[in-house]
Amino acid sequence: MMQSKYFRTCFGIIALLLIIYLGSEISFLFRPIVSMFNMLIVPVAMAGFFYYLLRPIVDYLERRKIKRSIGVLMLYFVFAGLCAIFGIVVWPTLREQIENFISNTPFLVEGVQEQIDQLQQNRFWSRYIPTESELSTSLTEYMNRIITWISNSINNLITVVSSVVVIIATIPIILYYMLKEGGKLPPRLLSVLPRRYRRDGQEVLGEIDTALSNFIIGKVILNLILSIMIYIGFLIIGLPYSLLLTVISFFLNFIPYIGALLATIPAVIIGFIESPSIAIWSVVVIVIAQQIQDNILTPVIYGKQLDIHPLTTIALILVGGDFFGLLGILLAIPAYMIIKIIVIRIYELFLAEKVEDAS
C-alpha cells in the first residue's frame, strides 16, 4: 500500500495540509515577515518598473565604456533636469487647473443642474427625459458625490504623499542597486537549482525578463502616445481642464480595459457641464484615440508577444483587485506572464512526454 503512487500522493497532500494548518496556528511568528513584505512590495514594484525603463539606457552607456554606477548617476541627474523642466513648463498650467477645479466644485454641480434643465426644455430630449424633478435631483446628487470624491482625492493627495514619503524615498536607492547589480541576480537564482535544470532555468529567466521588459516599455510608449492624442483632441474641442484630464487618463490607462472607461468618466462629466455636445465630442476623441491605439499601435509595438485573451485579462483584474486592491490590478498581468512562462516550461520538462505516451 505504501509503495502505491496513489497512496503516496494522498499522504503527501495530507502532510501539506497539516503543515498549512500548523502554520496558521503560529501565524503570529510570520507577522513581522508579512509586515516587511507589505512595506517593501510597493517600492520594489515601482523600482522594478523604472528598472526596465532605464536598463536599456544604462546598458548602452556601459557599451560606451561608462561604468554602470556612473551611468545610473547620470540618469538621475537627467531625471532631475526633466523634473525641473516639468516644474517650469507644465506644472504651472497643471497647478492652475487643479486649483480652478477645486475652487469651482460647487459651481460644477450647478452646471449639471442647468444642463439637465435645458435638456428637459428641448423638444427632442423632453421625450426621453421626464419633466419631474426626481431625475434631475438624483442625477445632481450622484454628480455631487463624484465631484466631491474627486475634489477630496485631490485635496488629500498631499497628505497621502507625505504619509508614504519614507517608502517613496527608498525607490531611488532600490533602483540604483537594481540597475548597478541587476545582472548578478540570475546566477544566484540559478545556483539554487540542480545542475541538470540550470540551463532551462536560465532560459526561463531570459523569457521572463524579455516579456516584462517588452510589456512595461510598450505600455509606457502606448500611454504616452495615447495621452498626446487625447490632449490634442481635448484642445481642439475646447474641453476645460484638458491637461488635468489628460494626466489622469495617462495614469488610469495603465489599468487594462477598466482604465479606459475610468478615464472617460471625468472627461464626460466636465464636458457635459460645459455643454452636452462637448461631452459627446470628448467621448468621440477618446474612442478614436483608443481605436488607433488598439488597432494600429498595439500590434506594431507588441506584435504577438502579449497573447492574452480579453476574458483572461478581465478575470485577472477582478482576482487581483479582490485580493490586493489597486496594486493587484496593476501587477495581475505581469504576474500572469511570469507564472505562464514557468508553468509551460515545467510542463515541457516533466509532463509533456507522459501526456504524449498516455495519449
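Anyway, here's the lowdown on the structure attached to this text. Here the structure is a predicted model, which is why all the values come from computation and not from measurement. (Residues numbered from 1 in each chain as written. Predicted model: local features only at pLDDT ≥ 70, side-chain atom pairs only at ≥ 80, totals over all residues. Heavy atoms only, no water.)

1. Notes on helix α3 (residues 68–89)
In step 1: Over its 22 residues, α3 runs 31 Å from end to end, which matches the ideal 32 Å to within 8%, given 1.5 Å per residue.
In step 2: Among all positions of α3, only R68, S69, G71, V72 and L75 are buried. End-on view of α3: buried residues confined to an arc of 155°, all on one side of the axis. Among the exposed residues of α3, those pointing more than 90 degrees away from its buried face are F77 and I88. (Helix = DSSP H or I, 4+ residues; strand = E, 2+ residues; numbered from the N terminus. Expected span 1.5 Å × (residues − 1). Buried < 20%, exposed > 50% of the residue type's maximum accessible area, 1.4 Å probe, protein only. Arc of directions from axis to C-beta.)

2. Brief notes about the nonpolar core
Across soluble globular proteins, you tend to see nonpolar side chains buried next to one another.
In step 1: If you look at the biggest cluster of nonpolar residues, it comprises 23 residues, and the most contacted ones within it are L179, F215 and M337.
In step 2: Of all the elements in the fold, those that place two or more residues in this core are α2 (31–63), α3, α9 (165–181), α11 (198–237), α14 (276–302) and α15 (310–358).
In step 3: In terms of residues, this core owes the most to one element, α11, which gives seven residues.
In step 4: In this structure, F101, L245, A267 and I278 belong to the second largest nonpolar core, which totals 18 residues. (Core = buried A, V, L, I, M, F, W, Y, C linked by side-chain atoms within 4.5 Å.)

3. Thoughts on the packing of aromatic side chains
In step 1: Applying the stated rule across the entire model yields six aromatic pairs.
In step 2: Arranged with centres 6.0 Å apart and planes meeting at 80°, the rings of F49 and F254 form a pair that is edge-to-face. Within this pair, whereas F49 is found in helix α2, its partner F254 is found in the loop between α12 (242–252) and α13 (258–274), the two being separated by 205 residues in sequence.
In step 3: Among the residues examined, F254 registers a relative accessible area of 19% and is labelled buried.
In step 4: With centroids separated by 5.2 Å and ring planes inclined at 75°, the aromatic side chains of Y51 and Y52 adopt a geometry described as edge-to-face. In terms of burial, Y51 and Y52 fall into one category: buried. (Phe/Tyr/Trp six-rings, centres within 6.5 Å; stacked < 30°, edge-to-face > 60°.)

4. What about the packing of α11 against α12?
In step 1: Interaxial distance between α11 and α12 falls to 9 Å at its minimum, and their mutual angle equals 155°. Taken together, the axes of α11 and α12 are roughly antiparallel relative to one another. Crossing handedness for the pair α11 and α12: right-handed. Between α11, through N223, L224, S227, I230, Y231, F234 and L235, and α12, the contact on the second element is made entirely by S242, L243, L245, T246, S249 and F250.
In step 2: Across the contact of α11 with α12, the residue classes tally to eight nonpolar, five polar and no charged. (Axes fitted to C-alpha atoms, helices over the stretch in contact; angles between N-to-C directions. Parallel < 35°, antiparallel > 145°, perpendicular 65-115°, else oblique. Left-handed = near helix turned anticlockwise from the far one by under 90°. Contact = heavy atoms within 4.5 Å. Nonpolar A, V, L, I, M, F, W, Y, C, P; charged D, E, K, R; others polar.)

5. Examining the side chain of R68
In step 1: Tracing the sequence through the fold places R68 in helix α3.
In step 2: Among the polar contacts listed, one links the side chain of R68 to the side chain of E62, at a separation of 2.7 Å.
In step 3: Those residues in contact with R68 that sit more than four places away from it in its chain are R55, V58, D59, E62, L179 and K180. (Polar contact = N/O pair within 3.5 Å; in protein donor to acceptor, adjacent residues only side chain to side chain.)

6. Details of the side chain of S213
In step 1: Tracing the backbone shows S213 in helix α11.
In step 2: Residue S213 is classed as buried on the basis of its relative accessible area, which comes to 11%.
In step 3: In contact with S213, not counting residues within four places along its chain, are Y52 and R55.

7. Looking at the environment of T264
In step 1: In this structure, T264 sits in helix α13.
In step 2: The class for T264 is buried, based on a relative accessible area of 16%.
In step 3: Considered as a pair, T264 and S249 are 15 residues apart in the sequence and their alpha carbons are 7.8 Å apart.
In step 4: Those residues in contact with T264, other than ones at most four positions away along the chain, are V283 and I286.

8. Regarding the packing of helix α4 (residues 91–103) against α12
In step 1: Interaxial distance between α4 and α12 falls to 8 Å at its minimum, and their mutual angle equals 100°. Between α4 and α12, the crossing angle belongs to the class labelled roughly perpendicular. For the pair α4 and α12, the contacting residues are T93, L94, Q97, I98 and F101 in the first and S242, L243, L244 and V247 in the second.
In step 2: Residues of the contact of α4 with α12, tallied by class, amount to six nonpolar, three polar and no charged.

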